[in-house]
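Chain by chain, the residues:
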Amino acid sequence: MPSSATLTVLGLLAGALTSFSFALQVWQSWRTKSVKDVSAGMYLVFSTGVILWLIYGLLRRDVPLMVWNALTLVLVAAILLLKFRYGRPRPTTSAQRGTPD
């Protein structure tokens, strides 16, 4: 069995990589102002799982679980906010429709 320190480093590295993937999605969505293909339902279910992992980590006092699930929750919340901000159809003006006012 690996040492406690080795397991902690492994957990921190795994969490960093998985959390970073959500940072990439936040950046892409914010930069392009497009969340057309982002599933709000998937992110809502996922965020519930992350909350449960965070609670589990807090109860176990497991630093990697606490740190990375807290960060992931912030990033997932950002994606959901962008989804609700940019995902709604924008009203079109008469000039965009090509019709007179």
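Computed from a predicted structure; not experimentally measured.

Reading the values: rules and limits
Residues numbered from 1 in each chain as written. Predicted model: local features only at pLDDT ≥ 70, side-chain atom pairs only at ≥ 80, totals over all residues. Heavy atoms only, no water. Helix = DSSP H or I, 4+ residues; strand = E, 2+ residues; numbered from the N terminus. Contact = heavy atoms within 4.5 Å. Expected span 1.5 Å × (residues − 1). Buried < 20%, exposed > 50% of the residue type's maximum accessible area, 1.4 Å probe, protein only. 1 Å grid on protein atoms, 1.4 Å probe; cavity = no way out; pocket = protein on both sides within 12 Å on 5 of 7 lines; lining within 4 Å. Points joined across faces, edges and corners; volume = space filled by probe spheres on them. Nonpolar A, V, L, I, M, F, W, Y, C, P; charged D, E, K, R; others polar. Core = buried A, V, L, I, M, F, W, Y, C linked by side-chain atoms within 4.5 Å. Patch = residues over 30% accessible without salt bridge, like charges linked within 9 Å, V, L, I, M, F, W, Y side chains within 5 Å. Areas by Shrake-Rupley, 256 points an atom, 1.4 Å probe, with all protein chains shown as cover. Salt bridge = Lys/Arg side-chain N within 4 Å of Asp/Glu carboxyl O.

1. Overview of the side chain of Ser 47
Within the fold, Ser 47 resides in helix 2 (residues 40-60). Ser 47 has contacts with Leu 73, Val 76 and Leu 80, leaving out every residue within four places of it along the chain.

2. Some points on helix 3 (residues 63-86)
Taking 1.5 Å per residue as the helical rise, helix 3 with its 24 residues ought to reach 34 Å, and the 34 Å between its terminal C-alpha atoms agrees with that figure. Residues Pro 64, Leu 65, Trp 68, Asn 69, Thr 72, Leu 75, Val 76, Ile 79, Leu 80, Leu 82, Lys 83 and Tyr 86 constitute the buried set of helix 3. Against helix 1 (4-32) and helix 2 lie the buried residues of helix 3.

3. Re the layout of surface pockets
Roughly 370 Å³ of internal volume is contained in the largest pocket. For the largest pocket, the lining is made up of 21 residues, of which Gly 11, Asp 62, Pro 64, Leu 65 and Asn 69 are closest to its centre. Among the elements of the structure, helix 1, helix 2 and helix 3 are those that each provide at least two residues to the lining of the largest pocket. In terms of residues, the lining of the largest pocket owes the most to one element, helix 1, which gives nine residues. Each residue belonging to the lining of the largest pocket can be placed in one class, and the counts come to 10 nonpolar, nine polar and two charged.

4. Some points on the nonpolar core
Proteins that are soluble and globular tend to have nonpolar side chains buried together. Core analysis: the largest hydrophobic core is formed by 12 residues, namely Phe 22, Val 26, Val 35, Val 38, Ala 40, Tyr 43, Leu 75, Val 76, Ile 79, Leu 80, Leu 82 and Tyr 86. Sorting the residues of this core by element identifies helix 1, helix 2 and helix 3 as the ones contributing at least two each. Here the element with the most residues in this core is helix 3; it accounts for six residues. When sequence neighbours within four positions are dropped, the list of residues in contact with Val 35 reads Ser 29, Leu 82, Lys 83, Tyr 86 and Gly 87.

5. Comments concerning the environment of Phe 84
Within the secondary structure, Phe 84 is located in helix 3. Note on Phe 84: relative accessible area 46%, which makes it partly exposed. Along the sequence, Phe 84 and Val 35 sit 49 residues apart, while their C-alpha atoms lie 8.8 Å from each other.

6. Focus on unusual backbone geometry
The phi angle at Lys 33 is positive, at roughly 60 degrees, despite the residue not being glycine. Tracing the backbone shows Lys 33 in the loop between helix 1 and helix 2.

7. Observations concerning a nonpolar patch on the surface
On the surface, a nonpolar cluster with roughly 400 Å² of combined accessible area is contributed by Ile 51, Leu 52, Ile 55 and Leu 59. Within the fold, Ile 55 resides in helix 2. A residue is classified by how much of its surface remains accessible, and Ile 55, at 41% relative accessible area, is partly exposed.

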